[in-house]
Amino acid sequence: MKGESQMALKFEEAFIYPKLDAKSYEDAVRKMSQNLLKEGYVTSEYPDQVLAREKNFPTGLVLANMNIGIPHTEAEYVKKTAVAVATLREPVKVHSMIDPEQELPVSMMFMIAVSDPKGQVTILRELMRLFQDQDLMEKIMSEDTASGIYKLLKSNTVKEQSSKS
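All of these numbers come straight from a predicted model, not from anything done at the bench. (Residues numbered from 1 in each chain as written. Predicted model: local features only at pLDDT ≥ 70, side-chain atom pairs only at ≥ 80, totals over all residues. Heavy atoms only, no water.)

K.L.:
Help me understand the packing of aromatic side chains, please; the structure alone is not making it clear to me.
P.N.:
Think of a pair of aromatic rings as described by two things: how far the centres are apart, and how the planes are tilted against each other in angle. What the rule picks out here adds up to 2 aromatic pairs. On the numbers, 4.8 Å between centres and 75 degrees between planes, the contact of F15 with Y41 is edge-to-face. In this pair, F15 sits in strand β1 (residues 11-20) while Y41 sits in the loop between α2 (25-38) and α3 (46-56), placing the two residues 26 residues apart along the sequence. A residue is classified by how much of its surface remains accessible, and F15, at 0% relative accessible area, is buried. Measuring from centroid to centroid gives 4.9 Å for F110 and F131, while their planes differ by 65 degrees, and the two rings are edge-to-face. Placement of F110 in strand β5 (residues 103-113) and of F131 in helix α4 (residues 119-131) is noted, with a sequence separation of 21 residues between them. The same class applies to F110 and to F131, which are both buried. (Phe/Tyr/Trp six-rings, centres within 6.5 Å; stacked < 30°, edge-to-face > 60°. Helix = DSSP H or I, 4+ residues; strand = E, 2+ residues; numbered from the N terminus. Buried < 20%, exposed > 50% of the residue type's maximum accessible area, 1.4 Å probe, protein only.)

Written out as structure tokens, the structure reads:
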């Protein structure tokens, strides 16, 4: 079914930014949005809407060995589902998802663009599974190329299967 493929966690090399130079979380979101905009995956309002949502619902998350950001916004600003990934040359600060008063230095960002609102939970669940693999996260962080990060993510992403559990 057409809708099911929208739910799958899918990475594309064009949306992977190794060692991204960003002055701030906002700067990182804007830079990570560029190819999504250029390729027609998101509307022109997408970056501003991601940043607006972040103010009310921060997305900083503490993992065992690093902090990450998971910026996203509502489906109405997304034409096609994708996840942009950045490892940051220098950490940027974002507020914690758990304690919005706390600022976290994040070194990696997974920016989610989901065109079907029902698909967001599936994508987040799959990302959380990836985040729990400390070894994988460290390998991604130390990778210098988009193709290297892409291969790591692709080989660790659950393949779509005809039997649903």
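Don't stop here, the text continues.
K.L.:
Looking at this structure, I do not really get the packing of helix α5 (residues 134-142) against helix α6 (residues 146-155). What am I missing?
P.N.:
Axes are the key here: two packed helices are described by the angle between their axes and the distance separating the axes. Look at α5 against α6: their axes get within 9 Å of each other, and the N-to-C directions meet at 165 degrees. When the axis of α5 is compared with that of α6, the two are roughly antiparallel. Crossing of α5 against α6: the hand is left-handed. Note on element contacts: α6 touches α5 through I149, L152 and L153, opposite L136, K139 and I140. Residues of the contact of α5 with α6, tallied by class, amount to 5 nonpolar, no polar and 1 charged. (Axes fitted to C-alpha atoms, helices over the stretch in contact; angles between N-to-C directions. Parallel < 35°, antiparallel > 145°, perpendicular 65-115°, else oblique. Left-handed = near helix turned anticlockwise from the far one by under 90°. Contact = heavy atoms within 4.5 Å. Nonpolar A, V, L, I, M, F, W, Y, C, P; charged D, E, K, R; others polar.)

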